[in-house]
Structure formats: C-alpha cells, structure tokens
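Letter by letter, the chains look like this.
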Amino acid sequence: MYKPTKSDILREFKDLIFITFGLCCYAMGWAAFLLPYQITTGGVTGISAIVFYATGFPLQYTYFIINAILMAFAMKIMGAKFTIKTGFAIFMLTFLLGFFQQVVGDTKIIGEGQEFMACIVGAALCGLGLGIVFINNGSTGGTDIIAAVVNKYRDVTFGRMILYCDIIIISSCYFVFEDWKRVVFGFVTLIVISYILDMVINSARQSVQFLIFSKDYQKIADRIISETHRGVTVLDGTGWYSKNDVKVLVVLAKKSQSVGIFRLVKDIDPNAFISQSSVIGVYGEGFDRIKVK
C-alpha cells in the first residue's frame with residue numbers, strides 16, 4: 001500500500017494554498033466587478049449569475065448545486081485526487097463568493113457607466129484565478145471539469161475548450177435582459193478570461209533546450225541530474241574547425257530552471273559553450289503527457 005512521503009504532503013499542501021489564492025482572485029473578480037454591473041460569462045458561474053439576475057436566488061447556491069451533480073461524473077473520469085481538489089475548490093469558492101458579495105455589496109468600485117472597464121478588470125481577475133488553480137492541479141468545477149477531461153486526452157488548451165463550452169450560456173443571457181449589449185459584454189469577458197488563462201498556464205509550462213559543450217561534461221551532467229532532477233543526454237560530436245572529438249550535453253528543462261543551470265555550468269566550467277533555445281512543447285516523463293491518439 002502506497003504511503004505518501006513528506007515531500008508529497010508538502011506539495012499537496014502548497015497546491016491547496018495556491019488554489020485558495022486563485023479562488024480568491026476569481027471570487028473577487030465576480031463579486032467586485034461582474035455582479036454589480038450585471039455582467040455574465042460562461043461556465044457554471046455564468047449560469048448561476050443568470051439565475052441570480054432573473055430570480056435573485058444567491059449565485060453561490062446555484063453554483064454549488066450544479067457542481068455537486070458534475071462532481072459525480074468527475075470522480076469516475078478524472079480519479080479521486082482530481083476530485084478531492086475540485087471538491088475543495090467548489091466548497092471554498094461557494095464560501096468566497098458569498099463572503100466577497102457581503103463585503104462588496106452593490107458598490108460599483110469603478111463608478112457608474114463603466115461596464116466595459118468592469119468586465120475587463122473582472123475578467124482579468126477571473127482568468128488569473130483560474131490559471132493559478134489549473135497549474136496547481138485544481139479546478140473550479142463546471143465547464144472547467146469538461147475542459148480538464150478533454151485536455152487529459154487531447155492537446156486542446158483549457159481556454160479554447162472553455163470558450164467552446166460557454167458560447168450558448170452567454171447567448172442565453174439575452175432572454176433575461178433583452179439587451180444585446182449584455183451579450184457582447186459577456187463575450188468580451190469570456191475572451192479576456194480565456195486569453196489570461198492560457199497566458200498563465202503557458203508561462204508556467206514554458207520549456208527550454210540546452211546544448212552544452214564542455215570538457216567537464218561529466219561533472220556538469222551529474223550536477224544537473226542531482227540539482228535540477230532533469231535528464232541529460234550525451235552526444236558525440238566533432239568540432240569541424242579543430243577536428244577534435246567533443247561531447248555535447250542535451251538538456252530539456254523548465255524555463256524557470258534556466259538560471260540555475262547557467263549558474264552550475266559556470267561554477268564548473270566558466271569557459272563552457274552553451275546554446276539555449278525555447279521549445280514549443282515537451283512531452284514525456286517530467287513534462288506534459290502525450291495526448292494525441
């Protein structure tokens with residue numbers, strides 16, 4: 001029977017801290033900028049907002065009821081670990097939506113007649129919050145669950161998948177307000193959320209490739225493996241000018257590890273020749289899973 005290590009527990013705890021922070025950003029975006037200006041968007045929160053505008057039934061309760069149903073499907077498809085974090089996010093977001101609505105009330109922070117600016121700021125906060133939640137292996141439920149399921153098997157970005165799922169939801173707000181301006185604001189909000197969400201996720205997943213030429217290649221390779229926990233491939237090469245045999249280290253790493261790799265190479269061989277390049281995608285152990293069938 002598998003017993004989680006101390007590092008596993010710390011990693012899970014760190015994920016929950018960042019998920020909570022992301023949920024605070026998302027709830028604040030809704031409570032402070034979208035709800036007071038009667039702006040909606042997609043997802044279960046968007047459906048809940050439409051119900052709230054039409055009936056006055058609290059947004060957080062509708063959100064919770066719909067997600068309770070969707071959670072049953074998520075458990076079977078995504079597994080217990082994803083479902084536990086999603087359940088945590090749903091309960092936490094239900095609380096935070098109610099809490100921030102009580103704090104903000106009907107106050108229009110930006111001022112009267114500033115619906116467009118409110119939808120931009122609110123959408124940016126929501127997109128940032130969703131991005132932080134997703135890169136820490138969480139979900140806010142609803143169409144996020146659908147996007148996560150599709151992303152598990154296909155290389156389709158979260159933002160694009162959510163965009164496809166939410167078009168009908170936003171269009172339906174016309175039947176509540178009978179005002180196409182609200183529909184337009186909803187689509188603007190959705191596009192901004194999708195853009196910010198993809199930007200946050202892609203920036204966290206950016207990878208780089210190093211080609212390192214050094215006479216101390218063995219020491220460098222050992223340090224990279226032990227300190228960055230990244231694999232190293234040694235290639236045989238020939239310097240065509242000198243006609244000497246050389247060893248070339250090939251390293252694929254996260255962009256955030258670049259500075260550390262440069263430092264350890266410089267520490268071992270200040271005269272090493274290094275080439276660094278960005279890569280579009282890295283798939284396999286330690287990176288993203290291959291999702292093409």
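Going by the structure above, here's the rest.
Residues numbered from 1 in each chain as written. Predicted model: local features only at pLDDT ≥ 70, side-chain atom pairs only at ≥ 80, totals over all residues. Heavy atoms only, no water.

1. Regarding the packing of aromatic side chains
Here is step 1 of the chain: Using the criterion set out here, one finds eleven aromatic pairs in the structure.
Here is step 2 of the chain: Aromatic side chains Tyr53 and Phe177 sit 5.3 Å apart centroid to centroid with 55 degrees between the ring planes, which places their arrangement in the tilted category. With Tyr53 in helix H2 (residues 43-55) and Phe177 in helix H8 (residues 174-177), the pair connects residues that are 124 residues apart, well separated along the chain.
Here is step 3 of the chain: An angle of 70 degrees between the planes, with centres 5.6 Å apart, marks the rings of Phe213 and Phe273 as edge-to-face. Within this pair, whereas Phe213 is found in strand S1 (residues 207-213), its partner Phe273 is found in strand S4 (residues 273-279), the two being separated by 60 residues in sequence.
Here is step 4 of the chain: Connected via pairs of aromatic rings, a cluster forms that spans Phe52, Tyr53 and Phe177.
Here is step 5 of the chain: Above the plane of the ring of Phe177 lies Arg182, whose end atom (NZ or CZ) is 5.6 Å from the centre.
Here is step 6 of the chain: Taking NZ or CZ as reference, Lys243 lies 4.8 Å from the ring centre of Trp240, over its face. (Phe/Tyr/Trp six-rings, centres within 6.5 Å; stacked < 30°, edge-to-face > 60°. Helix = DSSP H or I, 4+ residues; strand = E, 2+ residues; numbered from the N terminus. Lys NZ or Arg CZ within 6 Å of the ring centre and 35° of its normal.)

2. Quick notes on the pattern of salt bridges
Here is step 1 of the chain: A full pass over the atoms with the stated rule returns five salt bridges.
Here is step 2 of the chain: Salt-bridge contacts for Arg223 lead to Glu227; the nearest nitrogen and oxygen are separated by 2.4 Å. Residue Arg223 and its partner Glu227 are located together in helix H10 (residues 217-228), separated by four residues, close to a single helical turn.
Here is step 3 of the chain: A relative accessible area of 24% means that Arg223 is categorised as partly exposed.
Here is step 4 of the chain: According to the relative accessible area criterion, Glu227 is partly exposed, its value standing at 45%.
Here is step 5 of the chain: If you follow the salt bridges from partner to partner, you end up with Arg223, Glu227 and Asp267 in one network. (Salt bridge = Lys/Arg side-chain N within 4 Å of Asp/Glu carboxyl O. Buried < 20%, exposed > 50% of the residue type's maximum accessible area, 1.4 Å probe, protein only.)

3. With respect to helix H11 (residues 258-268)
Here is step 1 of the chain: Considered for burial, the residues of H11 that qualify are Ser258, Ile261, Leu264, Val265 and Ile268. Down the axis of H11, the smallest arc covering the buried residues is 135 degrees, so these residues share one side. Seen from the buried face of H11, the exposed residues on the opposite side, beyond 90 degrees, are Arg263, Lys266 and Asp267.
Here is step 2 of the chain: Those residues of H11 that are buried are in contact with S1, H10, strand S3 (244-254) and S4. (Arc of directions from axis to C-beta. Contact = heavy atoms within 4.5 Å.)

4. Digging into the environment of Ile84
Here is step 1 of the chain: Among the secondary structure elements, Ile84 is positioned in helix H4 (residues 80-104).
Here is step 2 of the chain: Ile84 sits in the exposed class, given a relative accessible area of 62%.
Here is step 3 of the chain: Each C-alpha atom of the pair Ile84 and Ser139 lies 9.9 Å from the other, and the pair is 55 residues apart in sequence.

5. Quick look at the nonpolar core
Where a protein is soluble and globular, its nonpolar side chains tend to be buried together.
Here is step 1 of the chain: Leu23, Trp30, Ile39 and Leu93 are the most contacted members of the largest nonpolar core, which has 36 residues in total.
Here is step 2 of the chain: Contributions of two or more residues to this core are made by helix H1 (6-34), H2, helix H3 (59-78), H4, helix H5 (115-135) and helix H9 (180-205).
Here is step 3 of the chain: If we ignore the near neighbours within four places in the chain, the residues touching Leu93 are Leu23, Tyr26, Ala27, Tyr63 and Thr140.
Here is step 4 of the chain: Phe210, Leu249, Ala253 and Val265 belong to the second-largest nonpolar core, a separate cluster that totals 15 residues. (Core = buried A, V, L, I, M, F, W, Y, C linked by side-chain atoms within 4.5 Å.)

6. As for the pairing of S1
Here is step 1 of the chain: Pairing analysis gives seven bridges linking S1 to S3, with the strands arranged antiparallel. The partner of Val208 across the bridge, within S3, is Ala253. (Pairing = 2+ DSSP bridges.)

7. Things to note about the environment of Gln101
Here is step 1 of the chain: Positionally, Gln101 belongs in helix H4.
Here is step 2 of the chain: Along the primary structure Gln101 and Trp30 are separated by 71 residues, whereas in three dimensions their C-alpha atoms are 8.6 Å apart.
Here is step 3 of the chain: With residues up to four places along the chain from it excluded, the contact list for Gln101 reads Ala31, Leu35, Leu59 and Gln60.
Here is step 4 of the chain: Only 3.0 Å separates the side chain of Gln101 from the backbone oxygen of Leu97, close enough to count as a polar contact. (Polar contact = N/O pair within 3.5 Å; in protein donor to acceptor, adjacent residues only side chain to side chain.)

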